Amino acid sequence: MGMNQTPAAERVHISFFGKRNAGKSSVINAVTGQNLAIVSDVKGTTTDPVYKTMELLPLGPVMVVDTPGIDDTGELGTLRVKRSYQVLNKTDIAVLVVDGTLGKTAEEDALIARFQTKGISYLVVYNKLDLMPPEQQEELAKSACGSLESGNSGREIWVSAETRTNIQELKEIIASLKPEDVHKYPIIADLIKPLDLVILVVPIDKAAPKGRLILPQQQTIRAILEAGALSLVVRDTELKATLDHFFSQGIKPAMVVTDSQAFARVSRDTPPDITLTSFSILFARYKGDLETSVRGVAALDSIQDGDKILIAEGCTHHRQCDDIGTFKIPNWIRQYTGREPVFEFTSGTEFPDDMSSYKLVVHCGGCMLNEREMKYRIACCCDQNIPITNYGILIAQVTGILKRSLEPFPEILKILN
């Protein structure tokens, strides 16, 4: 992903649902003005939703998701429908495409009920206006209003993907359904003042992507820039010399933010009167739930041999032998607890519905997941009383510096005392 693109996790996710005969792909192509829908000789060959980042005016940067038909049959079909439903967990705006010549059926009504339960803004699009009796077409084309009910949308519109009737109106309605910016806290802006010096510690090891910074690092630098503060990025091996240099000039950095994996060393090298935290703690607060993660990590103290721990990653990057999720974290947990738990792993969009067999869930920072999906995963665990924490908070706990790394957040610190 280029530095100049809006990160996928920060884009509004617009998902298109519908039966296989509704013309969903044609509507997507008409709205986006490009062929992104699946074209194949065999009907229903896609098992997975198709994601496409794009600019959709008047909305701006969006992620458009084309899902498999909700009426797919057979064993594979059932899997496809399940995948379509999973998309709901990351959907900000849902567009249900209905074949206007056939009207809505029980399956579509069931999907609308799901939108409502999950609090997703949605829109019903009746396609194939051009196939309706000519005397009805004009009247149906005008009925594109529908009122916005109680923050959720009961909007309906008739369109023709074939003749492009009402496609512009459809885009405008989609834009009007854009969710408010839901982040309760900024990334870092409320913790720093203009011209504060913030030192960001980024180890360059085998796991670091060649030639670039990972997403949370880019976003933190951007947030410091916007706050009018100064950021200096160093490797963990240069931190001590950097701090000594500033102290000798009479300059005291306001804050050090580190990659969690370098926590232990960075904590040693950073004097106690300088605020220290990590990227993952900033991002747990920004897009998930820092309090839940801090409460969740306490479960480590009661882990027994044979207890099941789920380690969940949001992305599916290629694993390395010393991969943090599959290797380092299990080792740290074994050392910390002195026990032999059983580890299970999921990555990407897989996340189990039934969490009851787990004693603890350890999630990555979720930089590739949007806030809706991250909150859904946290809610799944909370609803089933399963503690959930994230990589950074777990590392801070096992290295004995969780209290210190939470100092910028006194209200969370209270939980530990």
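Attention in this report is confined to the structure presented alongside it. None of the values given here were measured: they were computed from a predicted structure.

Here's the deal with the nonpolar core
Membership of the largest hydrophobic core comes to 46 residues, with the highest contact counts inside it found for Ile188, Leu290, Val362 and Leu406. The residues touching Val362, leaving out its near neighbours within four places in the chain, are Ile309, Leu310, Ile311, Ala312, Ile329, Ile333, Thr389, Asn390, Tyr391 and Leu394. Judged by nonpolar contacts, the second largest core, of 27 residues, contains Leu56, Val62, Val95 and Val97.

Notes on helix α10 (residues 290-297)
The element α10 is extensively covered by neighbouring structure, given that six of its eight residues are classed as buried. For α10, the full list of buried residues reads Leu290, Thr292, Ser293, Val294, Gly296 and Val297. One side-chain oxygen of the residue at the start of α10 lies 3.2 Å from the amide nitrogen of Glu291, identifying that residue as Asp289.

What about the sheet that holds strand β3 (residues 60-66)?
Across the sheet, six strands lie side by side as β2-β3-β1-β4-β5-β8; this open sheet has mixed pairing. Looking at strand neighbours, the two that pair on one side only are β2 (50-56) and β8 (155-158), the edges of this open sheet. Pairs of neighbouring strands in the sheet enclose a mean axial angle of 25°, with direction left out of account. Sheet topology places strand β5 (residues 121-127) next to β8; four bridges connect them, and they run parallel. Counterpart to Leu123 in the pairing with β8 is Arg155. Helix α3 (residues 106-117) rests against β1 (12-18), β4 (93-99) and β5 of the sheet, and its axis sits at about 170° to β4.

Scoring rules and cut-offs
Residues numbered from 1 in each chain as written. Predicted model: local features only at pLDDT ≥ 70, side-chain atom pairs only at ≥ 80, totals over all residues. Heavy atoms only, no water. Core = buried A, V, L, I, M, F, W, Y, C linked by side-chain atoms within 4.5 Å. Buried < 20%, exposed > 50% of the residue type's maximum accessible area, 1.4 Å probe, protein only. Contact = heavy atoms within 4.5 Å. Helix = DSSP H or I, 4+ residues; strand = E, 2+ residues; numbered from the N terminus. Polar contact = N/O pair within 3.5 Å; in protein donor to acceptor, adjacent residues only side chain to side chain. Pairing = 2+ DSSP bridges. Axes fitted to C-alpha atoms, helices over the stretch in contact; angles between N-to-C directions.

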